[in-house]
Amino acid sequence: MNFLLTIVRKLAGNPDKPILYEIHEGELRAVTCRELLAEICLVRRALVRAGLRPGDRCALLAPNSARWVAFDLAIMAEGLIVVPLYSRQAPEELVQMMKDCTPALLCCADESLRDAVTSRWQGSPRVLTFSELLATPSSPTRCEVAPGAPSTQLAVEMDVQRPVTIIYTSGTSREPKGVVLSVGNLNFMLERTTSRLEELMSSLQFQGDHRVFHYLPFCFAGSWVTLLTCLVRNNSLMISMDLNRLADEIRQAAPHYFLNVPAVLERVRNAVHAQMEKRGRLARTLFFRGQGAWGRRRNNMAKRLDRMWLKGVQLLVFPKIRSRLGPNLRALICGSAPLSEETQLFFQMVGIPVLQVYGLTETTAICTMDQVDDFSPGRVGPAIPGIEMRLGANDEILVRGPHVFPGYWNRPQATEEMLREGWLHTGDQGEVDPTGNWKIMGRLKNLIITSGGHNIRPEPVEQLIQSALPAAEHVVLVGNGRKFVSALITGHIPEGLADSAIQKVNQQLSHYKQIRRFYICQELFTIENGLLTVNRKLRRALIAERFKEQIESLYRDP
């Protein structure tokens, strides 16, 4: 049975259950399994009326919503290839992607998204808003279901080799590539994610329906796999509709777990610390001494009064922190980039384990996941059963298994470079301990080689600076081919504060890794100005180009 048929049968088997919730300014708007199936059928009829045929590409440009889910499932059920696009991405980049995959139809959430594309692309394919596509009166199609007939008729049988989606990579270089994922990729991955999440909730001794909060755009591979996994498991998915109200939405959704990126968890930790600094003397002292006691106990270095401080903070402070994050919260999952060990330990300390995952779009989102009862902060867990991982030249992580993509859309050379001798070459440097627990060290292409021949992975040093300087939005190391390493820092930060933080960090670094000079960028790195990818990774080459003059000034003799 393919993954789509599994989802439809789960929906049909519990028709009155609310499966999706949209969070609108304090109001939860539920969509039942029956309503979602009906919406899928409506969209399928509209796609047939629009003249689309199996194998056509259908682009989907919209923010997260229950309707997005219906369109996504309907497009796949009609035998089409869905191309999910990020609604906040620069229109020029969206046009570039669509010119690459040539969709027969672009479905947009509203007129503003439609107009943003059509105004920049003369001769664009047919573009319709959701409302326009669904406005035509219904007509019978192969999706028509007679009264009382099983809703499984809404799904189609699919060969495992059939492509179901083209997801464009975030494009840390200038040119995003379309990653093709097949039915077989999704069948395998959803079976594994379902199994691992069931293990997670069982180990946390939780029974019953799981509430899952979701704020990451569905057009990202990891986010999409999370959505599909929830549907396979028939879990209630609470969809964020306003990222500016994220903290309030999380409390209202009261989830048991949800997927995160490191930047959000770093902000939460920094916010808690900032709030505790402002509390009264007793609460502030209890928190910070309790935190120190927890760290010393973990490292087998406990002092005489630590037991007292730890008991007090666990009784009076940590429960309040957990309650503010969500009364039902059992665990957090984090992917997209390495999470700092300090942040992972913070959440472990307050009683909410953060489980890291590692993967690429090309590996159907994930390859590894921490085990809740045995995880090491700073590592991303062992390979998921059925997936092979090993180290290649320069400690590059190589992967193979049923989750590996068949190739890039219309890019045979790029596919050959990625898939060699049966292994996918990830471009990530890593290490693995004797138990099979992986650690991600950084990207090979980001490696800085100084004129003295020293090799420096920038990511760990950047992470140290951000930990020492919480006000920094982003830190980027530069210095390839130079005598020493410098840093670009964004944020409204006094120069003296940045200098003090860097001096502190330099004490922990070998001489050739130490930051000699830095520049505070007034312009922030954002998705909108093109300096971050859509999943908020640094576009290092574009940053270096944008700040070329400032970088050059760092290397001029004083």
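Please refer to the structure placed before this passage.
Position numbers for residues start from 1 in each chain and track the written sequence from start to end. Residues qualify for local features only when their pLDDT is at least 70, as the model is predicted, and side-chain atom pairs are given and counted only at 80 or more; totals for whole chains, interfaces and linings, by contrast, use all residues. Only hydrogens and water are removed before side-chain values are computed, so all heavy atoms of the structure are retained for them.

**Description of the overall build of the protein chain**
Cut-off, in case you're wondering: A run of DSSP states H or I qualifies as a helix once it reaches four residues; a run of E qualifies as a strand once it reaches two. Both are numbered from the N-terminal end. In this description the radius of gyration comes from C-alpha coordinates, and the expected globular size is given by 2.2 Å times residues to the power 0.38. The buried label applies to any residue whose accessible area, calculated with a 1.4 Å probe on protein chains only, is under 20% of its type's maximum; exposed applies above 50%, and partly exposed to all values in between. By definition in these notes, contact holds between two residues if any of their heavy atoms fall within 4.5 Å. Using the Shrake-Rupley algorithm and a 1.4 Å probe, accessible areas are obtained, with residue cover drawn only from the displayed protein chains.
Helix and strand content of the protein chain: 19 helices and 25 strands. For 558 residues, the compact-globule estimate of 2.2 N^0.38 gives 24 Å, and the C-alpha radius of gyration of the protein chain, at 25 Å, lies within 12% of that figure. Its C-alpha atoms give the protein chain principal-axis dimensions of roughly 75 × 55 × 45 Å. Taking all 558 residues of the protein chain together, the buried fraction comes to 54%. Put simply, of all contacts in the protein chain between residues at least 6 apart along the chain, 65% involve residues at least 24 apart. Accessible surface computed for the protein chain: about 24900 Å², of which carbon and sulfur atoms make up 49%.

**Here's the deal with the side chain of D370**
Where we set the bar: Note on charges: Lys and Arg go in the positive column, Asp and Glu in the negative column, and His and the chain ends are not counted at all. Salt bridges are counted wherever a side-chain nitrogen of Lys or Arg sits within 4 Å of a carboxyl oxygen of Asp or Glu. For this analysis, a polar contact is any N or O atom pair within 3.5 Å, provided that within protein one partner can donate a hydrogen and the other can accept it, and provided that sequence-adjacent residues contribute only side-chain to side-chain pairs.
Tracing the chain through its elements places D370 in the loop between β14 (368–369) and β15 (388–391). Buried and unpaired, D370 has R196 as its nearest opposite-charge partner, separated by 7.6 Å. For D370, the side chain forms a polar contact with the main-chain nitrogen of Q356, separated by 2.8 Å. Side-chain polar atoms of D370 contact the backbone nitrogen of G381, separated by 3.1 Å.

**Remarks on the nonpolar core**
For soluble globular proteins, nonpolar side chains are generally found buried alongside one another. What counts here: We call a set of buried Ala, Val, Leu, Ile, Met, Phe, Trp, Tyr and Cys residues a nonpolar core when their side-chain atoms join them within 4.5 Å.
Counting 126 residues, the largest nonpolar core has F3, L36 and W224 as the members making the most contacts within it. If one sorts the elements of this core by residue count, helix α3 (residues 66–77) sits on top with 10 residues.

**Overview of the sheet that holds strand β1 (residues 18–24)**
Formally: A pair of strands is labelled paired if DSSP reports no fewer than 2 bridges between them.
Read across the open sheet, the eight strands follow the order β2-β1-β10-β9-β11-β12-β13-β14; overall the sheet is mixed. Two strands in the sheet have a free side with no partner beyond their single neighbour: β2 (27–32) and β14. Examined bridge by bridge, strand β11 (residues 257–260) and strand β12 (residues 332–334) share two bridges and lie parallel to one another. Bridge pairing in β12 places L259 opposite I333.

**Brief notes about the pattern of salt bridges**
One pass over the full model with this rule turns up 22 salt bridges. Here R44 and E78 are joined by a salt bridge, their closest N and O atoms 2.6 Å apart. Residue R44 is found in helix α2 (residues 33–49), and its partner E78 is found in the loop between α3 and β4 (81–85); the two are separated by 34 residues along the sequence. For the salt bridge of R192 with E191, the shortest nitrogen-to-oxygen distance reads 3.1 Å. Within the structure, one salt-bridge network assembled from shared partners comprises R114, D115 and E132.

**Notes on α2**
Note the threshold: Expected span of a helix: the number of residues minus one, times 1.5 Å.
End to end, α2 covers 25 Å across 17 residues, agreeing with the expected 24 Å (1.5 Å per residue, within 8%). Buried within α2 are the following residues: C33, L36, L37, E39, I40, C41, V43, R44, R45, A46 and L47. Backbone geometry just after α2 places G51 at a positive phi near 85°.

**Comments concerning the sheet that holds strand β25 (residues 515–521)**
Let me state the cut-off plainly: Note on definitions: angles span 0 to 180 degrees between N-to-C directions of axes, and those axes are lines fitted to C-alpha atoms, for helices only across the stretch in contact.
If you trace the three strands from one edge of the open sheet to the other, you get β23-β24-β25, paired in mixed fashion. For this open sheet the edge positions go to β23 (475–478) and β25, each flanked by a neighbour on one side alone. Here the average twist between neighbouring strands, direction ignored, is 25°. Direction of pairing for β23 relative to strand β24 (residues 485–490): antiparallel, over a ladder of four bridges. In the strand pairing of β24, V478 is matched with S486. Its contacts with the sheet place helix α16 (residues 458–468) against β23 and β25, and it is angled at close to 135° to β23. This element, helix α17 (residues 495–506), spans β24 and β25 of the sheet and lies at about 145° to β25.

**Description of the packing of α2 against α3**
What counts here: Angular relationships are summarised with four words: roughly parallel below 35 degrees, roughly antiparallel beyond 145, roughly perpendicular across 65 to 115, and oblique for the angles in between. By definition, any crossing whose near helix is turned counterclockwise from its far helix by less than a right angle is left-handed, and any crossing with a clockwise turn is right-handed. As a working rule, the residues Ala, Val, Leu, Ile, Met, Phe, Trp, Tyr, Cys and Pro are called nonpolar, Asp, Glu, Lys and Arg charged, and the rest polar, with Gly in that last group.
Across the interface, α2 lies against α3 with an axial gap of 8 Å and an inter-helix angle of 55°. The angle between the axes of α2 and α3 places the two elements in the oblique class. Two packed elements cross with a definite hand, and for α2 against α3 that hand is right-handed. Contacts between α2 and α3 pair L36, E39, I40, V43, R44 and L47 from the former with A66, R67, V69, A70, F71, L73, A74, I75 and A77 from the latter. Each residue belonging to the contact of α2 with α3 can be placed in one class, and the counts come to 12 nonpolar, no polar and three charged.

**Overview of the packing of aromatic side chains**
Note the following rule: Here a Phe, Tyr or Trp ring, Trp counted by its six-membered ring, pairs with any other such ring whose centre lies within 6.5 Å, and the pair is stacked when the planes are under 30 degrees apart, edge-to-face when over 60, and tilted otherwise.
This model, assessed by the stated rule, comprises 11 aromatic pairs. Centroid distance Y86 to F220: 5.5 Å. Interplanar angle 50°. Geometry classified as tilted. Highlighted residues: Y86 in the loop between β4 and α4 (91–101) and F220 in the loop between β9 (211–214) and α8 (221–233), separated in sequence by 134 residues. Y86 sits in the buried class, given a relative accessible area of 8%. The class of F220 is buried, set by a relative accessible area of 16%. With 5.5 Å between their ring centres and 85° between their planes, F213 and F258 make a pair best called edge-to-face. A residue pair is termed long-range when its members are at least 10 positions apart, and F213 in strand β9 and F258 in strand β11 qualify at 45 residues.

**Some words on the packing of helix α10 (residues 262–278) against helix α11 (residues 281–298)**
Following both chains from N to C, one finds α10 and α11 inclined at 135°, their axes separated by 7 Å at the closest point. Comparing their axes, α11 and α10 come out oblique. Contacts from V272, H273, M276 and E277 in α10 reach A283, R284, F287, F288 and Q291 in α11. The class makeup of the residues in the contact of α10 with α11 is five nonpolar, two polar and two charged.

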